[in-house]
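# Structural description and commentary
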Amino acid sequence: MKHFTKTLAFAILTTVSLQASAQTQEEMKKWMDYSTPSDVHKMIAKSDGNWDEEITFWMAPGTPEQTMKSSCTNKMILGGRYQEATHIGDFGGMPFEGRGTLAYDNLTKKLITTWIDNMGTGLMYMEGTWDDATRSVTFKGKMVEPMAGKEINVKEVWKIVDDNTQEVDMYHEKDGQEFKTMHIKLTRKK
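The text that follows walks through the structure, step by step, so that each part is easy to find. (Residues numbered from 1 in each chain as written. Predicted model: local features only at pLDDT ≥ 70, side-chain atom pairs only at ≥ 80, totals over all residues. Heavy atoms only, no water.)

### Examining the pattern of salt bridges
All told, the structure shown has 7 salt bridges when counted by the stated rule. In this structure, K30 and E26 form a salt bridge, with 3.6 Å as the shortest nitrogen-oxygen distance. Placement of both K30 and E26 in helix 2 (residues 25-35) is noted, with a separation of 4 residues, approximately one turn of the helix. Taken individually, K30 and E26 each receive the classification exposed, so the pair is uniform in this respect. Between K29 and D33 there is a salt bridge, and its shortest N-O distance comes to 2.7 Å. Here the residue K29 and the residue D33 both occupy positions in helix 2, the gap between them amounting to 4 residues, near one helical turn. With a relative accessible area of 51%, K29 lands in the exposed category. (Salt bridge = Lys/Arg side-chain N within 4 Å of Asp/Glu carboxyl O. Helix = DSSP H or I, 4+ residues; strand = E, 2+ residues; numbered from the N terminus. Buried < 20%, exposed > 50% of the residue type's maximum accessible area, 1.4 Å probe, protein only.)

As structure tokens, this is what we get:
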């Protein structure tokens with residue numbers, strides 16, 4: 001009975017809170033439109049599953065390329081509103097683990113991505129707009145560059161080649177010049 005009473009109280013408080021924040025039917029419709037997964041969310045969900053990653057990266061302009069392999073698992077979360085990506089690999093003998101989120105904001109019509117990994121303590125945040133013609137999005141944002149000791153501009157171009165292949169190119173800015181730091185080829189595991 002206690003559990004039922006607590007559940008009922010929570011439901012009443014939630015309803016009152018929603019009514020207070022959405023006074024009219026029009027306001028309620030706007031809120032529902034904002035919170036309902038869209039066609040872009042459905043497109044994002046097509047990337048759910050397990051992927052192999054072939055990564056080529058450059059530490060600075062003019063340095064030799066290095067390579068590594070990792071794997072990625074994508075999964076839609078919170079009722080199909082966001083995609084969570086878990087990356088696991090080996091970086092020069094050190095375990096590598098990263099987490100990304102991908103969101104589409106129905107109001108701003110922007111894709112938003114965040115990134116964290118075990119090679120730092122900061123968070124990278126970028127925004128971009130989907131381009132149907134090229135099946136890609138160019139994200140732009142900022143991240144901390146520890147060697148420079150400051151935030152730098154970053155860009156990521158994410159392209160859906162086909163249902164089983166994606167490519168990601170990362171760029172950093174150094175001394176006012178943009179340079180490519182990474183290329184990732186993702187292939188869906190069979």
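### As for the nonpolar core
In this structure, I44, L111, W130, F139 and W158 are the most contacted members of the largest nonpolar core, which totals 28 residues. It is strand 9 (residues 150-162) that contributes the most residues to this core, 4 residues altogether. Sequence-distant contacts of F139, defined by excluding residues within four places in its chain, comprise L102, L111, I112, T113, M126, E127, G128, V154, K155, E156 and W158. (Core = buried A, V, L, I, M, F, W, Y, C linked by side-chain atoms within 4.5 Å. Contact = heavy atoms within 4.5 Å.)

### What to know about a nonpolar patch on the surface
A contiguous nonpolar surface patch, about 280 Å² in accessible area, is contributed by I116, L123 and Y125. Counting through the fold element by element, I116 comes out in strand 5 (residues 110-117). Exposure remark for I116: the relative accessible area of 40% places this residue in the partly exposed category. (Patch = residues over 30% accessible without salt bridge, like charges linked within 9 Å, V, L, I, M, F, W, Y side chains within 5 Å. Areas by Shrake-Rupley, 256 points an atom, 1.4 Å probe, with all protein chains shown as cover.)

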